[in-house]
Amino acid sequence: MKISNAIKKLEKVGFKVTNDEELRSQLFVARRENSTHVVEFMKNGGNSDQVTCIRVKRVNDQDDIMTDYFAGVWCDNITQAIRVAS
């Protein structure tokens, strides 16, 4: 799925999508008002405009790279992520 389509789909159901363009970040974060979950996804490498690594996690969850713990649930597509975050 293209990044622009993913953003539109998330915004359609009430998520606000942010990205730190100053740092040319590949990470996009979507959150609903008063929600305990966030949807994160990344831009695929290179000149691609495709979404990859879709994840839903709680707002305060933190990854721990020392123990290979990655908080949240990995999803196959944006629709599944929306359902998990609801």
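One structure accompanies this document, and this report is about it. The model shown is predicted, which means the values in this text are computed figures rather than measured ones. (Residues numbered from 1 in each chain as written. Predicted model: local features only at pLDDT ≥ 70, side-chain atom pairs only at ≥ 80, totals over all residues. Heavy atoms only, no water.)

### Quick look at the environment of Gln62
Then comes step 1: When you line up the elements, Gln62 lands in the loop between strand S4 (51–58) and strand S5 (73–75).
Then comes step 2: A relative accessible area of 58% means that Gln62 is categorised as exposed.
Then comes step 3: Residues Gln62 and Gly72, 10 residues apart in the sequence, show an inter-C-alpha distance of 9.1 Å.
Then comes step 4: Apart from the residues lying within four places of it in its own chain, the contact partners of Gln62 are Tyr69 and Ala71. (Helix = DSSP H or I, 4+ residues; strand = E, 2+ residues; numbered from the N terminus. Buried < 20%, exposed > 50% of the residue type's maximum accessible area, 1.4 Å probe, protein only. Contact = heavy atoms within 4.5 Å.)

### A look at the sheet that holds strand S2 (residues 27–31)
Then comes step 1: Reading across the sheet, the five strands line up as S1-S2-S3-S4-S5 and stay open at both edges, with antiparallel pairing between neighbours. Looking at the sheet topology across the chains shown, the edges are occupied by strand S1 (16–18) and S5. Neighbour-to-neighbour, the strand axes of the sheet open up by a mean angle of 25°, direction not taken into account.
Then comes step 2: When S2 meets strand S3 (residues 37–43), the two strands line up antiparallel, connected through five bridges. When the sheet's bridge partners are listed, Leu27 is paired in S3 with Met42.
Then comes step 3: Running over the sheet, helix H1 (residues 3–12) touches S1, S2, S3 and S4 and is turned about 170° from S3. (Pairing = 2+ DSSP bridges. Axes fitted to C-alpha atoms, helices over the stretch in contact; angles between N-to-C directions.)

### Brief notes about H1
Then comes step 1: Those residues of H1 not exposed but buried are Ile3, Ala6, Ile7 and Leu10. The buried residues of H1 all sit within an arc of 100° when viewed along its axis, so they share a single face. H1 presents Lys8 and Lys12 as exposed residues on the side facing more than 90 degrees away from its buried surface.
Then comes step 2: Those residues of H1 that are buried lie in contact with S1, S2, S3, S4 and helix H2 (78–85). (Arc of directions from axis to C-beta.)

### Thoughts on the side chain of Ser35
Then comes step 1: When you line up the elements, Ser35 lands in the loop between S2 and S3.
Then comes step 2: Contact partners of Ser35, with chain neighbours within four places excluded, come to Val59 and Ala85.

### A look at the packing of aromatic side chains
Then comes step 1: On inspection of all chains with the given rule, the structure shows one aromatic pair.
Then comes step 2: Plain terms: the ring middles of Phe28 and Phe41 are 5.2 Å apart, the flat faces sit at 5° to each other, and that makes the pair stacked. With Phe28 in strand S2 and Phe41 in strand S3, the pair connects residues that are 13 residues apart, well separated along the chain.
Then comes step 3: Phe41 sits in the buried class, given a relative accessible area of 0%. (Phe/Tyr/Trp six-rings, centres within 6.5 Å; stacked < 30°, edge-to-face > 60°.)

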